Amino acid sequence: VTVDAVAALLIVLPAAAAVTAFAAGGRSGAPLAIAVSVAQLGLVAALAASVLAHGAQVVQVGGWGAPLGIDLRVDGLGVLLLAAVAVVGAGVTAYAAAYFDAPGSRSAGRAFWPLWLLQLTAFDATFLSGDLFNLYVTLELLTLSAVGMIGLAGEVRALAAAVRYLVVTLAGSLLYLLGVALTYGAYGTVDWGAVAALSQPDAIGRSALALMTVGLIVKTALFPMHFWLPPAHAEAPAPVSAVLSGLVLKASLFILLRVWFFAFPAVTSLRGGQLLAGLGAAAVLWGSIQAVRQHRAKRIIAYSTVAQIGYLFLVFALAEGDAPTLAWRGTLYLAASHACAKAAAFLAVGTLARQVGTDEIAQWRGIAREAPVSVFALGLAGVTLSGLPPSGGFVAKWLLLQSAASDGQWGLALVPLVGGLLAAVYVLRVVEVTLSRPAAEEVRCEPAPAVMRWVPLALALAAIAFGVVTTEPLQLLDIGSPFAGLQEPAW
Amino acid sequence: VTDPRLFAVCGVVLFGMGLYEVVVAGHLVRRLIALNLMSAGVFLVLVTLGSSSGGPTPGVSSGGPTPGVSSGGPTPGSPGDPVPHAMVLTGLVVSISATALGLTLVRRLHAETGHAQLPDVPTDMP
């Protein structure tokens, strides 16, 4: 099978399944999503093998090349995030099949499956797209399906969170689109490979870059534009929270990386990068401190996301320094391992909240004895979130630290250390409650289906495995990397 | 002939007015209308920049097959360039879908709470 066919199938398959699940309705959604998730794992593995063997590739869809057609681009950055989507997506699909099977969740479940399949389509299309306007369309597909999924619970708080998310992220998308319009007006193309050759640090190039950057940091919830994230991520059903925190934010970050390092490398400036990195450092501190102060488990994990997003912005300053490759690797390593760990944490918390009936951690005293697997999964996810060895989070933060240190940026080098310490505090606070002696003799803890207990653990283990198996992911990341100086990009 | 850049500036002004209203408005329907104003502004910029002779170097000249140029057809930046029109049409579809979804959610919120405003200002308090 050629790369062309694999890339096309990755987009067409979930899209067709989404339409089928919507049209057929009833109970057809879960089996379709399971089939798509399995196929996706295979297709992404094939794509990764092909990229590792032959390097970055351009797929001319339907044989129409740019500028007339819209190209897909397959490189290490895209394939790594596709792999994260495939792994986390398979976990979420299995978990959701059990989660929405409970009485009382079935009607939400019927609406969930078509939206979830659409979301998978949007992820695959985003990470393969080679065109700035196409990225806008996939981003909107992602946003609109996410809005529907946040509102699934149907309560006032969930509806309000969904509306707020819709308004804020649509404004962000339109800022991005205005940047795309200026780009087309100035350069006559929106293919980011072609834009890179034409863009210059003049007024129009700077305006386009600034508009896109602001729009995308709103969508990525970078401090201080994070205000919409905690309600949206905490009110959604558990599988949806896992996807929103683990994957959706990575899609807008991915577009920002494409814009900043692939389309407009001639326009970016050290000062702009330092501003983004400064906001990232502030996000790490602010998000972590707020996470420590929360008393609902889902809000703790949501604020942890605000913090972890901050690390991913350090690269914008470090890329201008002496060791950009280390920063690039560290950032993407963190993006992928955080996707697994954060999904594991939200799913484990979702299982515990379902068992106890609330996610107020004051009510969680002593439940570790009743639900050891979920608590262990949460703790293991915490190992990656705080960046302890041997997790993927440790490798990522080590790379970022090395990059900052070799660049002499000691302020930025401190950020992963302080953030890691605070992450250990907020995770241990939850775990400690579950281990403490219960107030009453009887602990209220309903049994949970096996899938809902073991899937979080599997995802937490995947995040740990990222710290053990490092050769292939790092090799993959250098393919098509803007900093792999010796390897000239193929386009 | 009017300078097409005038329309582009109008588009940016519309966009700014919409953005201001999205931030300050309380009523959710007003905010949705303001979002549509922003879209209209972007579309105006796209169409006018597409039809001005504007860009310094069309992207197609950077190499690769250039069917439009070689056949003497419309080039990017020329009045007949269809690409911005296609983008605007795509953008309209997205905008209409998003507005419909937003209005549905606002109606649900109105039915549940009796008003069409976000219930609280989100704060970082626990």
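Preceding this section is the structure that the text describes.
About the thresholds
Residues numbered from 1 in each chain as written. Chains lettered and ligands numbered in written order. Predicted model: local features only at pLDDT ≥ 70, side-chain atom pairs only at ≥ 80, totals over all residues. Heavy atoms only, no water. Helix = DSSP H or I, 4+ residues; strand = E, 2+ residues; numbered from the N terminus. Contact = heavy atoms within 4.5 Å. Areas by Shrake-Rupley, 256 points an atom, 1.4 Å probe, with all protein chains shown as cover. Axes fitted to C-alpha atoms, helices over the stretch in contact; angles between N-to-C directions. Parallel < 35°, antiparallel > 145°, perpendicular 65-115°, else oblique. Nonpolar A, V, L, I, M, F, W, Y, C, P; charged D, E, K, R; others polar. Salt bridge = Lys/Arg side-chain N within 4 Å of Asp/Glu carboxyl O. Buried < 20%, exposed > 50% of the residue type's maximum accessible area, 1.4 Å probe, protein only. Buried area = accessible area lost by both parts, 1.4 Å probe. Polar contact = N/O pair within 3.5 Å; in protein donor to acceptor, adjacent residues only side chain to side chain.

## A word on the overall build of chain B
Next up, step 1: Check the secondary structure of chain B and you find four helices and zero strands.
Next up, step 2: When the elements of chain B are put in sequence order from the N terminus, they spell out α-α-α-α.
Next up, step 3: Of the contacts made within chain B by residues no fewer than 6 positions apart, 64% connect residues no fewer than 24 positions apart.
Next up, step 4: Of the accessible surface of chain B, which amounts to about 6,800 Å², a share of 68% is contributed by carbon and sulfur atoms.

## Quick word on the packing of helix α1 (residues 3-24) of chain A against helix α2 (residues 29-54) of chain A
Residue and element names in this part refer to chain A.
Next up, step 1: Where α1 meets α2, the closest approach of the two axes is 10 Å, and the angle between their N-to-C directions is 170°. Taken as axis vectors, α1 and α2 run roughly antiparallel relative to one another. Here α1 contributes Val-3, Val-6, Leu-9, Leu-10, Leu-13, Pro-14, Ala-17, Thr-20 and Ala-21 to the contact with α2, which in turn contributes Gly-29, Leu-32, Val-36, Ala-39, Gln-40, Leu-43, Val-44, Leu-47 and Ser-50.
Next up, step 2: Tallied by class, residues from the contact of α1 with α2 come to 14 nonpolar, four polar and no charged.

## Quick word on the pattern of salt bridges
Next up, step 1: Across all of its chains, the model carries eleven salt bridges over all chains by this definition.
Next up, step 2: Salt-bridge contacts for Lys-219 of chain A lead to Glu-140 of chain A; the nearest nitrogen and oxygen are separated by 3.7 Å. Of this pair, Lys-219 of chain A sits in helix α8 (residues 203-220) while Glu-140 of chain A sits in helix α5 (residues 132-150); the two residues are 79 residues apart in sequence, bridging distant segments of the chain. Each member of the pair, Lys-219 of chain A as well as Glu-140 of chain A, is classed as buried.
Next up, step 3: Here Arg-108 of chain B ties to Glu-112 of chain B by a salt bridge, and the two come within 3.9 Å at their closest N and O atoms. Of this pair, Arg-108 of chain B and Glu-112 of chain B are both found in helix α4 (residues 83-113), four residues apart, which corresponds to roughly one turn of the helix.
Next up, step 4: By relative accessible area, which is 39% here, Arg-108 of chain B ends up partly exposed.
Next up, step 5: The class of Glu-112 of chain B is partly exposed, set by a relative accessible area of 44%.
Next up, step 6: One network of salt bridges, with partners in common, ties together Arg-157, Glu-235, Arg-296 and Asp-359 of chain A.

## Notes on the interface of chain A and chain B
Next up, step 1: Residue-level contacts link 43 residues of chain A with 47 residues of chain B.
Next up, step 2: A combined buried area of about 4,000 Å² lies between chain A and chain B, and 78% of that area is made up of carbon and sulfur atoms.
Next up, step 3: Taken together, the connections running from chain A to chain B amount to one residue pair in polar contact (both at pLDDT 80 or more).
Next up, step 4: Sorting the residues of the side of chain A that touches chain B by element identifies α5, α6 (156-187), α11 (270-293) and α12 (297-311) of chain A as the ones contributing at least two each.
Next up, step 5: Here the side of chain A that touches chain B is composed, by residue class, of 31 nonpolar, eight polar and four charged.

Read these as spatial facts, not as claims about activity.
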